[in-house]
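Coordinate inspection notes
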Amino acid sequence: MIVLGLEGTAWNLSCALVDEEDVIAERSATYVPAKGGIHPREAAQHHAEHMAGVVKAVLDVARKDDLTIEAVAFSQGPGLGPCLRTVATAARALSLRFNVPLIGVNHCIAHIEVGKWKTGATDPVVLYVSGGNSQVLALRRGRYRIFGETLDISVGNALDKFARQVGLSHPGGPKVEKLAKSSKEYIPLPYVVKGMDFSFSGLSTAAAQAAKKHDLADVCHSFQETAFAMLVEVSERALAHAEKKEVLLVGGVGANSRLREMLNIMCEERGAKFYVPEKKFMGDNGSMIAYTGLVMMKCGVTTPLAESRVRPGYRTDEVVVTWQ
Ligand code: AMP
Ligand code: MG
């Protein structure tokens, strides 16, 4: 089975073609804000401008290799409204054009499914950390249950906001990671875990304040140590509570080597296996949408046109997972 997938919830417009085995083709166009953070309307405009190009590149591969597309999957949410609408419009048009089913995919679940597909994890506790989301999840009785999540902004957003305030360009995460490597000292910053949930907004503000008096590298290091310890604490508790034996790290912040190191230590101490997909499958990508569409399609889940409206606040635990 071959499925075409379209992603474009925020900064990355990406179209891909996958089958059960692997990614056949993927083409992306990345929106980089001229200044500041992601502007939803500008990002949507970017996606609209590049849609024809990325889709055509992927369709050219299909045509050249004489492949038959059997469904069109798209990111239905969560994400930025204007971006979601641009992507959904294109997906509906493609589904009508090829006369194949449309499949609305939950973006967070796509991160998880592609992670499992590409690492071989079977039943993990998932730490999903990105620019828009921060959640600790695990599959229980047919749904990805949210064991813990952020009470305000995501860890990626907190890193990006802090970075912007200290004069680093978007996206801030990689720049903070680089600076943190030359740090000599830890500066205490607010560590906020409430039950199984965490909060990053105060940390972001406090770090920006601390940067006025302290060395920037030390603040970057302290931000990472504090935020990542919060994430690891909740992941560890979820692992114990859900009695799972695997941890899967997904989402753009998962590129961070210090976060990986901390999770790896925790997993070793608990006798759990730690899985991280290749970098190209960590951030937002079209392949994860195409692949999740494929597994949904295989068990008969498709989205009628009338139910294909976008869902900016689409929750992970709303989806009944029938394909496991
Ligand atoms: P996503 O929304 O999954 O595409 O991920 C984007 C987010 O990942 C942004 O907030 C980036 O700042 C963050 N990010 C990317 N690379 C790194 C890194 N090496 N360390 C920390 N955060 C990162
Ligand atoms: Mg994402």
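The rules behind each value
- Residue numbering note: each chain is counted from 1, following its sequence as written.
- As they are written, the chains are lettered A onward and the ligands numbered 1 onward, keeping that order.
- In keeping with the predicted nature of the model, local features appear solely for residues at pLDDT of at least 70, side-chain atom pairs appear and are counted solely at 80 or more, and the whole-chain, interface and lining totals rest on all residues.
- Note that the side-chain values use all heavy atoms of the structure and ignore hydrogens as well as water.
- The source of the domain bounds is an automatic or database domain assignment.
- We call two residues contacting when some pair of their heavy atoms lies within 4.5 Å.
- When a carboxyl oxygen of Asp or Glu is within 4 Å of a side-chain nitrogen of Lys or Arg, the pair counts as a salt bridge.
- In protein, a polar contact means a hydrogen-donor-capable atom and an acceptor-capable atom, both N or O and within 3.5 Å, with residues adjacent in sequence counting only if both atoms are side-chain atoms; elsewhere, any N or O pair within 3.5 Å suffices.
- Residue classes follow a fixed rule: Ala, Val, Leu, Ile, Met, Phe, Trp, Tyr, Cys and Pro count as nonpolar, while Asp, Glu, Lys and Arg count as charged, and any other residue, Gly among them, counts as polar.
- Here, two cysteine sulfur atoms that lie within 2.5 Å of each other are counted as a disulfide.
- Starting at the N terminus, helices and strands are each numbered in turn, a helix being any DSSP run of H or I of at least four residues and a strand any DSSP run of E of at least two.
- Type-normalised accessible area, obtained with a 1.4 Å probe on protein chains alone, sets the label of each residue: buried when under 20%, exposed when over 50%, and partly exposed for intermediate values.
- Note on aromatic pairs: the rings of Phe, Tyr and Trp (six-membered ring only in Trp) are paired at centre separations within 6.5 Å, and the planes decide the class, stacked below 30 degrees, edge-to-face beyond 60, tilted for the rest.
- Placement of a positive charge over a ring is assigned whenever Lys NZ or Arg CZ falls within 6 Å of the ring centre and within 35 degrees of the normal to the ring plane.

**So, the domain arrangement of the protein**
Its domain assignment divides the protein into domain 1 (3-111 + 281-318) and domain 2 (123-279). Taken over C-alpha atoms, the centre of domain 1 sits 27 Å from the centre of domain 2. Contacts between domain 1 and domain 2 engage 16 residues on the former and 21 residues on the latter. There are 1 salt bridge connecting domain 1 and domain 2. The salt bridge partner of Arg315 is Glu149, with a shortest N-O separation of 2.9 Å. Taken together, the links from domain 1 to domain 2 amount to 9 residue pairs in polar contact (both at pLDDT 80 or more). Grouping the amino acids of the side of domain 1 that touches domain 2 by side-chain chemistry returns 7 nonpolar, 6 polar and 3 charged.

**Details of the state of the cysteines**
Summed over the entire model, instances satisfying the criterion amount to 0 disulfides. Unpaired in terms of disulfides, Cys108 finds its nearest cysteine sulfur in Cys83, a separation of 15 Å.

**Regarding the pattern of salt bridges**
Going through the model one piece at a time under the given rule, you end up with 15 salt bridges. Of the charged contacts, one joins Arg63 and Asp60 as a salt bridge, the two residues approaching to 3.3 Å between their closest N and O atoms. One end of the pair is Arg63 and the other is Asp60, both in helix H1 (residues 40-64) and 3 residues apart, which spans about a single turn. Residue class for Arg63 comes out exposed when judged on its relative accessible area of 58%. For Glu278, the salt bridge goes to Lys280, with nearest N and O atoms at 3.7 Å. For Glu278, a relative accessible area of 47% gives the class partly exposed. Look at Lys280 and you get exposed, because its relative accessible area is 53%. Three or more residues are tied together by salt bridges with common partners; here these are Lys56, Asp60 and Arg63.

**Side note on the packing of aromatic side chains**
Two measures describe an aromatic ring pair: the distance that separates the ring centres and the angle between the ring planes. This model, assessed by the stated rule, comprises 3 aromatic pairs. Here Arg97 stacks its cationic end above the ring of Phe98, 5.0 Å away from the centre of that ring. Stacked on the ring of Tyr314, the Lys or Arg Arg311 has its end atom at 4.2 Å from the ring centre.

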